[in-house]
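# Structural overview for review
These are the residues of each chain, in order.
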Amino acid sequence: MILDFARHYPQNKMQNNNTLVLLKIISDCIFNNNPEASWQNFSTELQLELIAEADKFNLRRILYYYLKELFPKEIIRPSKIDFVTFAAKSMQREKAIADLQYIFNDNKIDFRLVKGAFLASNIYPHPALRYSCDIDLLIRNHDSRRAFDITTAHGWLSTRDFHDQTRHHLPQQIKKQVALEIHTSLFGTVKHENDLLWKEFDRKNVNLELILLHVLNHAIRHHNFLNIETAVIDVGFILKHKNIDWDYFKFLEKSFKCRGLLKLFLSSFHEFFAPCGLIYETDTPQEIKDAFKKVSFDKIRSINNQFYVSVFFWRNWKYFIKTICDILKPFTPFRMSLRFKISKRKIIYFYPYFFIKTFFIRVRKFFKIRNYLKKELPQEKTQGSKTVVKIQDYIDRQN
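### What to know about the nonpolar core
The biggest cluster of nonpolar side chains holds 93 residues, and the ones touching the most others in it are Leu63, Ile135, Leu137, Phe265, Phe272 and Phe273. The residues touching leucine 137, leaving out its near neighbours within four places in the chain, are Leu100, Phe104, Phe111, Arg112, Leu113, Val114, Leu180, Glu181, Ile182 and His183. Formed by five residues, the second largest nonpolar core is a distinct cluster that contains Met336, Phe340, Phe354 and Ile361.

Okay, structure coming up:
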């Protein structure tokens, strides 16, 4: 039975739990897990609070799309305006994609949509539900210079000249408030990556497994869990399709050196993904749980200070100095005084003892995370029955 939070929680506790309730409602919307029943059990006051919470993460349009018939009357009109605004932007993006397709086809340049542009057109039930500030597409290495020059000639302007930045994307171009990023690389983890990517896209034109891996890689490696709510919702809509070839996905993880990314998502946001029927039975290390309490749907969403997690996903030598600083940070007297709850003066007097103690704590955590991420996903990862998670259970487990 879904609990009415207005009855069971005091006002201050409701404020603290609003993000968790919002996450659960969006999960139910994505996986058709009867979100209407949950929403109707909320008071009008709590519904307005949840909509305000959704505004913090730019997610009101998702609630409106699924629950507009149950919205409080005073909020329906501004919510409709918000949705129509995103719909207009998505139409502008779709028109730009159609123009690019005509330009590239006319010049015999192969390309594939990736990230938000692909997801909005192929995965989300309505393009307006996926906010995307740019169009990302992948092209072949030998077409990069020509593609940049052709798009520039057709009005896509850039503040920088062309250069072959294959580890991310070419200089961003803009036309009519729509941004374009042309990629020759998506992961930046292997040599001759562009050839490998096109080999896989030639194998499967709509390569949902590769798109899923890229979404995970982009959220964890490229952005260090910033904008995590967008990635969680992206993965939710992808998994809703239930047509992922998991053997092929594991092959891609190995090919592009991205093992552990999906495991990190499934175990850390288990309650969100539970209704899709993808049940991942494993013991999540407490270190990961603690780290993600600070990450999930929070304004401070980076776990860079958790070096024993992020070090497995660092991309190249540019992050070496940063990683070293993250490793040394816990050994400062200030950090150790917080960890052991004693004064900094006592830490300084007995610094060698606390240094060694901190060192072994960090090493133990490091190897626990490493061993966890290196394990293969279990074969019985999909089970037929859906797991219905009560909102009260959801909050209790997250807290």
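### What to know about unusual backbone geometry
Peptide bonds are trans in most cases, and residues, glycine excluded, mostly fall at negative phi. With a phi close to 55°, asparagine 32 is a non-glycine residue in the positive phi region. Mapped onto the elements, asparagine 32 comes out in the loop between helix 2 (11-30) and helix 3 (35-40). By relative accessible area, which is 53% here, asparagine 32 ends up exposed. In this structure, lysine 115 takes a positive phi of about 55° despite not being glycine. Here lysine 115 lies in helix 7 (residues 115-122).

### With respect to the pairing of strand 1 (residues 111-114)
The alternating pattern of strand 1 places Phe111 and Leu113 and Arg112 and Val114 on opposite faces, both of which are buried. One ladder, built from four bridges, connects strand 1 with strand 2 (residues 134-139); its direction is antiparallel. Residue pairing for strand 2: leucine 113 is matched across the bridge by leucine 137.

### Here we look at a nonpolar patch on the surface
On the surface, Ile348, Tyr349, Phe350 and Tyr353 cluster together into a nonpolar patch covering about 500 Å² of accessible area. As for its position among the elements, tyrosine 353 is in helix 20 (residues 351-374).

### Digging into the sheet that holds strand 4 (residues 178-183)
Strand order across the open sheet formed by four strands is 1-2-4-3, with mixed pairing between neighbours. Each end of this open sheet is capped by a strand with a single partner; those strands are strand 1 and strand 3 (173-175). Each adjacent strand pair in this sheet contributes to an overall mean axis angle of 30°, direction not counted. Set on the sheet, helix 7 makes contact with strand 1, strand 2 and strand 4; between it and strand 1 the angle comes to about 80°. The strands that helix 9 (residues 193-203) touches are strand 1 and strand 2; relative to strand 2, the one it contacts most, it runs at about 95°.

### A few points about the pattern of salt bridges
Applying the stated criterion to the full structure yields 12 salt bridges. Between arginine 146 and aspartate 143 there is a salt bridge whose closest N-O contact spans 3.2 Å. Here arginine 146 falls in the partly exposed class, since its relative accessible area comes to 36%. Judged by relative accessible area, aspartate 143 falls into the buried class, the value being 5%. Salt bridges linked by common partners bring Asp110, Arg140 and Asp202 together as one network.

### Structural notes on the packing of aromatic side chains
Throughout the structure, instances matching the rule amount to 18 aromatic pairs. Considering the side-chain rings of phenylalanine 31 and phenylalanine 272, the 6.4 Å spacing of their centres and the 75° angle between planes classify their relative orientation as edge-to-face. Remark: phenylalanine 272 occurs in helix 14 (residues 270-273) and phenylalanine 31 occurs in the loop between helix 2 and helix 3; sequence separation between them is 241 residues. Judged on exposure class, the residue phenylalanine 31 and its partner phenylalanine 272 are both buried. Among the aromatic residues, those joined into a ring-pair cluster are Trp39, Phe42, Tyr64, Tyr65, Tyr66, Phe71 and Phe83.

The rules behind these values
- Per chain, the residues get numbers from 1 upward, laid out in the order the sequence is written.
- Only residues with pLDDT of at least 70 get local features here, since the model is predicted, and only at 80 or more are side-chain atom pairs given and counted; chain-wide, interface and lining totals rely on the full set of residues.
- Values shown for side chains rest on all heavy atoms present in the structure; no hydrogens or waters enter the calculation.
- Among buried residues, the Ala, Val, Leu, Ile, Met, Phe, Trp, Tyr and Cys ones that are joined through side-chain atoms within 4.5 Å form a nonpolar core.
- Each residue gets one of three labels from its accessible area relative to the maximum for its type: buried under 20%, exposed over 50%, partly exposed in between, using a 1.4 Å probe on protein chains only.
- We call two residues in contact whenever any of their non-hydrogen atoms come within 4.5 Å of each other.
- Strands here mean DSSP runs of E at least two residues long; helices mean DSSP runs of H or I at least four residues long; both are numbered from the N terminus.
- DSSP bridges decide pairing: two strands pair if at least two such bridges lie between them.
- Note on patches: the residues involved have over 30% relative accessible area and no salt bridge, like charges join within 9 Å, and the nonpolar side chains Val, Leu, Ile, Met, Phe, Trp and Tyr join within 5 Å.
- In these tables, accessible area is a Shrake-Rupley quantity obtained with a 1.4 Å probe, and a residue counts as shielded only by the protein chains included in the view.
- Salt bridge, as applied in this entry: a Lys or Arg side-chain nitrogen positioned within 4 Å of an Asp or Glu carboxyl oxygen.
- Inter-axis angles, ranging from 0 to 180 degrees, are taken between N-to-C directions of lines fitted to C-alpha atoms, where helices are fitted over the stretch in contact.
- Aromatic contacts are taken between Phe, Tyr and Trp rings whose centres are within 6.5 Å, Trp giving its six-membered ring; a plane angle under 30 degrees counts as stacked, one over 60 as edge-to-face, and the others as tilted.

These figures come from the coordinates and say nothing about function on their own.
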